[in-house]
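What the coordinates show
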Amino acid sequence: MKTFKYIFLTLLFFSTIGCEGLVEDINDNPNQISSDNFDAGVLLLKGIELANVSVQVGHQTRIGGMWSGQTIGISLLYKSIYEYNLSAEETDNIWQNAYQGIVKQARTMIKQTETSPKAAQYSGIVKVIEANAIGTIASLFGDVPYSQISDDAVDDPVFDGQKAVLQACRLLWMKPLLN
Amino acid sequence: MKQVFTILLLVSGMSLSFGQRTISGTVTNGDGQVQIGANVTVKDFPNIGTISDIDGKYQLSVPNEASMLVFSYTGYETQEVAIGSSDKLDVIMSEGRLLEEVVVTALGFATKKDRSGTTSSNVSSNAIKSSGESGILNSLAGKASGVKIVRANGDPGAGVNIQIRGANTIGGSTQPLVIVDGIPISNDNLNGSGSSSTGGGVSQQSRLNDINPEDVESVQILKGASAAALWGSRAANGVLMITTKQGKLNQKMKISFSTSYSMDEINRKHPIQTAFGQGAAGKYSPTSLNSWGDKIADRSGAADEVTTTGAYFLADNGTKIYPIKTKNSREIFTDANFDQVFQTGHFTDNNLTITGGSGKNTNYFSVGYLNQDGIIKNSSYRRATVRFNNQSFFSNNIVLTTKANYIYSDGNRIQQNSNTAGLYLGLLRNPADYDISTYKGTYFNATGVAFPLRQRAYRRYLGDNVNPTYNNPLWTTNEQEATTTINRFSVSTNLNFNPKPWLQLDLRGGMDSYLDKRVYFAPVGSASYNNGRLDNEDFNNSELNVDAIARVTFPDLVKGVVGFNGTLGFNINDRQRKILYAATQNFLVNSKLQNFNNGVAPYSVSNSLNHIRSNRLYGILSFDAYDKLFLNLSGTQEAASTINGTYFYPSADVAYQFIGGTADDDKIISFGKLRASYGQVGVQPTAYKFGTTYESFTYGTYDDGLDINEFGGGFRLNDDQGNPVLKPEIKTEIEFGADLRFLKNKINLGVTYYKNEIKDILLAVNLSPSSGYLSKYANAGRMENRGIEIDLGLKVLETKSYGLELYGNFNNNRNKVLDLAGADRVPLTDQSITSNAIVGQPLGILFGSRALRNDGGDLVLDANGFPQLAPDQGVIGDPNPDWRGGLGLRGNYKNLNFNVLFETYQGGDFAERTRFVLTSFGTYGTVGNEVTLTKDLKNSAGKVFTAGTTVRGNIHNYGAGDVLLDEGWYTSIGGGLGGSAINEFSIADGSWTRLREVSMGYTIRGAKFKKTTGLESIELSLAGRNLSLWTDILGIDPEVNQSGVDNGFGIEYFTNPSTRSWVASLKINL
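Residue positions are counted from 1 within each chain, in the order its sequence is given. Going through the entries in the order they are written, you letter the chains from A and number the ligands from 1. Residue-level local features of this predicted model are given only where pLDDT is at least 70; pairs of side-chain atoms are given and counted only at 80 or more, and the full residue set underlies all totals for whole chains, interfaces and linings.

1. So, the overall build of chain A
The helix and strand tally for chain A stands at seven helices and two strands. Written out in order from the N terminus, the α and β elements of chain A read α-α-α-α-α-α-β-β-α. The way it works is that DSSP assigns letters per residue, a run of H or I at least four long becomes a helix, a run of E at least two long becomes a strand, and they are numbered from the N terminus.

Shown next, in the form of C-alpha cells:
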C-alpha cells in the first residue's frame, strides 16, 4: 500500500509541473494586436475625432431638435420620444462615446506619443477635443465625473459639480493655446 | 529422428482419439424457442467452448474427465448440467433475475447502477428510435428528470438547447460536454459573423444532431458534479455519454434496412385579423405601415379604381399593378398568403446496418441518408452518414476498438427574428387586403423608365423604391439563401491491454473534425440589404483527445469484506477553431451570382484562430464493503491554456444498499439504496482574455454609425479591459438521494435532492464608462441552484407476453444569482426585452420598460384612466418554470408495443413580443374587434366616445373604470417597438402541457414467418411528435426561443414557428 501511495504522490507532483508547461503561451491572442507589446499612438486620433462627431451631432442633437420644434417625430421610437417619453437607454451611447471613446483614448495617446517630435501638437489636438466633449456632457447632464476618470485605480469615479467640470474643461483647451 | 516423430504422432493421436468424447444437443428456452448463441463451456476446462447455432444445436469435444457443461446466455440463468453416459445433452434455459442495470462511468467504462452513488439518467436506443425524431437530442426530451431539451424553433436541423438541472454559468458555454465512446466531440451551435442570435439571422444547427440516431446504443446523462468531476473544467453543465452500437462475437451477419417518412406542419399560428384593411385612422392607404384602415366589409365590393396612366408595376407573370385611387375590393388574402409561404414539411430517412462477428472480431457498419423539407418553403436539411465500428480481439488480453464516422450535411435556412429581411416579420405585418403573390417584376415610373428586378412588398406596393422596407415573404423564401455545408469526420480508437487479471491498461485517442461552409445571399432590392448581400463564412473545427488510463481491480482486498478498484489516468485535449469571413453589401450588377467578383468595396473581411489546450491527471479510488457499502473518491488536477495556474477538482460519493437486490422475497421494499455525493467541476474562461487589445469600431446610435473602416481604418484601445489572473468558475455540488424498488421490483422510485453553488463566475462586468473601459472579463459572480428530482416507474402489468408500465419524472429547480460584483444587471440577450442576471433573481429574469406603479404595486393611471410609462426599466417577468415533469405510459402485447408521453412546464413567463408589436401594426387578431359602447368611454388621448357608437378597439379596466383601447393607445405606449412602449404588457403565462410523443409499433417475426419470407422480422411503427399543445400563449409554441441555444430565454420576436409531426417507419431485418 505504501508503494502505491508514493507512486501516486510522485505522479501528482510531476503532473503539477508537467501540466502547465504543456499549455503555456497558447493563450497569446493571435487575432488582435495587444496593447502589451504595441503603442498605437497617433493611430488613435481618427477614432477620437469620430467619437466626438457622434457626441456633438448624434442622437441627442436629434432629440434636442424635436423638443425645440425643429423636427417632428412621426412614427415608432421617434414618435414616443417626441411625446416626451424618454427612456434611460437613449443616452447610453453618448456617455460611453465621450468617456471611453474620447477621454480614455486621448489620455492613452498623449502617453504613447510623449517621445514623438510632434508630441506637443498631438496632445494639443486631443486636449481640445476632450474639453469639447466633456464640456458638452456637463452641459447636457449637469454634475458629471471628471477629476477621477480614466484612472485604472478608480473603478467608480466620483461625480463633480457641473461648474467645476466646465471650468476644468476651459483650462484644458486654453493651456495648449498658450503654449 | 523418424522414430521419435512417429511415437509423438501416435501419442498425440491417442490423446486425440481416446480421452475425448463429443457431446451434442439442442438449447431451448422456456418459451419453447431455440436459443441461438448460447455459450456452452466445460467446467474446469476454460479453453474449451462453443456457441449454439441458428437451430439451437451445439457440438463440443470434451475430455473424458469433464464432469459438467456450463450453459450461459445474457438475461437467463447460467446452468451447470452434469455430463452423463449419453452423448446427447439437451438443455432448457430459464429466464434469470432482472439483470442489474448497467450504466457507464464518466470514463465510458461500464459499472452497475446499484453500486453507484451518483445520479444519471439512461435513455436506451429503443426510446430514441421510437420517438421518430431526426436528431438524437430532440428524441431525449421529457425522458429524464431535470433535463431540459428544447428545440430553438421548428426549422429543419434547428439547434437544441440542453440544460441539466439549472443554469450553471452566466456568460460561459451553456451546453453539456458530449462524449461519444469516451472521446469528447463538438456540439457547437455557432452564429458566427454572418448571423445574429436575436437580430438579422437564421437558426443555427447543433453539431450533435449530425450523429445518426440509428447508430446510438444508449445515451446516459451525468447530471451532478460528482459524476462529471473527472472532466474538470468542461463538466459544469453535465455530461452526455453516448455509446454507439457494436457487433457481437460469434454472431452471424445481421442486415437490417429501415425507412421512415414524416409529415410536419406548423403547430401554432399567430391569429391575424381580417376585418380592417391597410391604412391609418380608419382610412385606407396603400402605402401605410399599419392596418388601422377602413372596415373591409363596408367597401363596395367592386374592383379597385386605379390610375392606368403613369407609373405601374409589371410582375414577372404578366400581371400589372396600378396605383390605387379608391379601394373597393373586399378580397382578403391572409390565408392565401400564408399558404404560399408555408407547406406540409416532410422527411425521408433511410438506413442500412450490417452487424456481425467472428470469434475474434465484431463489426458494425451503417449508412444512412436523411432528406428533409421544412414547413417553410425552401427550408431544407440533408444528412448522409457512414459508420464503421470494429473490435478486434488480437489475443485473450489485447483488444483494439476502432470507430470511424463520416458525416455530410447541408441545408438552407430562412431568415427570422428582428430582421426586416426575415420571414415572419414580413408576413405578419402584411395587411389582410394585400396579396403577396406577384412579388417580383419591373417598375415603370411616370415617364416610362423601367426598373427591372424589383421587389413589391406591402409598403412599396408598386416596387417604386429599391428599398422595400420589409421583405415580401415570398422574396425571403425564394430569392434569399442561407446555406450551410458540413463535412465531418470523427474517429476514436481504444487499445485495451489486460496483462494481469487485476490490471487493465487503456490507450485511447480520438479526433473529431468538421468543416462548415456557410453562404448568405440576398439580391439587390432586399430589405436590410438594398444593394445585395453576399457573405462567406468558413469554420474549420477540430478536437484531438488522448487518454492513457490504468485500472486495477482487487475484488477481494480483504476477502469477503472489502473490494477495491483504482483508476489512474492522464488526458490531453487540444481544440482549434479557424474562422474566415468575407462579406460585401454592394453588388456591381443585379445578378444572382454568388461570387465576390460582383462585389465592390468596402468588403468586410476577418479571420480568427481559437486554440485551447488542456491536460489533466486524474485518479479514482473505489471501495466496496460487504457488497452493501460503496465509496468512490476521485480527483482531477488540470491545467489549461485559458487559466492561470492548475486547479484540483475532487469528488466523493457513497452508496449504501440497506436492502439488497433479491427480488424473490415478499417484502414491500425489494431494494433500497441511500446515496450521497459531493463534487467540484468548472467552467473554462474564453480564450485570449489575458491582455487589453486594440480593436476597430463604429460610433453612433441607431442608424447613424460612423465606421472607422470607412475612414481609412484606425484603432482604439479596446473597451474590454484585459485580465491576466483568470480562474475557472467552480461549481460545488452536494446531492442526497435514494433509489428504492418495491414489490418484487414492480415499482421503482429515485429521489434526489441537490444543491450547488457556482463561484467566480466569469462575466463581462460592466464598468463605469467614466473609468475608461466599458467592461472587463472577470471572475465576479456567484449563483446557486437547488432542487428535487424524482423518477418513477410503475409496472402495472408484467407477464411474458404483455406488459404495461407507467413512468414519470419531476423536477423543480430553483436558481438564484447571488453576486454580480456590484453590477446591477448583466444582460444575456439584447433588444427591448432582455433576459438577464440580476442579484436576488433567477437567471434569465426578464427586464424591460414597464408601467408606472406606486409603492404598493398598483398602477398609477393618468387623468384618462390609462397606464403610464415608468421612467426607468425594471424586472417584468421570470421565464423559469416552477416545476416541470413528464408522465408516460408504455406497454406491449405480444408483438405490439406502444408509448405515450406527456410533458409539462408550469409557472414560467413568456414575452410575446410579436403579439405586442403587431397590435401597434393593427394586424394581430386581438385588435380586429369592434365594440359597441354601452356607456361613454374615453380613449388614451382623452377623446370621449358616446354610448351607442361602434368603434374598433377593446374595452379594458386598469383600475379607474372602463376605458377604450383604440389605435391611439396601441400605436403609442400600448404596443409597438422600442423601450418607449410598455413592454411589460407583452408578458404572459408561458406554462404549457404537451403530448410530446405517441408511438405504436408492431413486429412480425417467428419461425413460420422466417420460413415463408426468409426474413428475421419486420418492424412497423407509427409515431406522432408534439401533437397537442395546451397553453395560454396565442400565436406560437412557447418552447421557441428568439436567441436560440442560449442562457437567455423566454422571449420570441418574429421567431420561426415550431412543428408537429407524424412519422411512419418500416424496418426489415434479415
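2. Things to note about the overall build of chain B
For chain B, the helix and strand inventory stands at 10 helices and 65 strands. C-alpha atoms define the radius of gyration, and 2.2 Å times the number of residues to the power 0.38 defines the globule rule. For 1070 residues, the compact-globule estimate of 2.2 N^0.38 gives 31 Å, and chain B sits close to it at 33 Å. If you line up chain B on its principal axes, its C-alpha atoms span 120 × 70 × 65 Å. By the burial criterion, 47% of the 1070 residues in chain B qualify as buried. By definition, residues are in contact whenever their C-beta atoms, placed on the basis of the backbone, come within 7 Å of each other. Summarising the internal contacts of chain B: among those between residues at least 6 apart in sequence, 68% fall at separations of at least 24. Neighbour counting defines burial: a residue surrounded by 20 or more other C-beta atoms within 10 Å of its own C-beta is buried, one with 12 or fewer is exposed, and intermediate counts give partly exposed, using backbone-placed C-beta atoms.

3. Observations concerning the interface of chain A and chain B
The partner chain B presents 58 residues to the 58 residues of chain A that form the contact. When residues of the side of chain A that touches chain B are traced back to their parent elements, those giving at least two are helix H1 (2-21), helix H2 (45-57), helix H4 (76-82) and helix H5 (92-112) of chain A. In terms of residue count, the dominant contributor to the side of chain A that touches chain B is H5 of chain A (11 residues). For this scheme, ten residues count as nonpolar: Ala, Val, Leu, Ile, Met, Phe, Trp, Tyr, Cys and Pro. Four count as charged, namely Asp, Glu, Lys and Arg, and the remainder, Gly too, count as polar. Per-class residue counts for the side of chain A that touches chain B are 26 nonpolar, 24 polar and eight charged.

4. Some points on the sheet that holds strand E29 (residues 450-455) of chain B
All names here are of chain B. By this definition, two strands are paired if DSSP reports at least two bridges between them. With antiparallel pairing, four strands are arranged side by side in an open sheet as E22-E21-E28-E29. What marks the edges here is a single partner per strand, and that holds for strand E22 (320-321) and E29. Here two bridges tie strand E21 (residues 312-315) to E22, and the two strands are oriented antiparallel to one another. Within E22, the residue paired with Leu314 across the bridge is Lys320.

5. Describing the pairing of strand E30 (residues 481-500) of chain B
All names here are of chain B. Taken together, the 15 bridges between strand E27 (residues 398-412) and E30 define a ladder with antiparallel strand orientation. Paired with Tyr406 across the two strands is Phe489, which belongs to E30. Across 18 bridges, the pairing between E30 and strand E31 (residues 503-526) is antiparallel. Paired with Asn487 across the two strands is Leu515, which belongs to E31. Counted along the chain from E30 to the antiparallel partner E31, the turn is two residues long.

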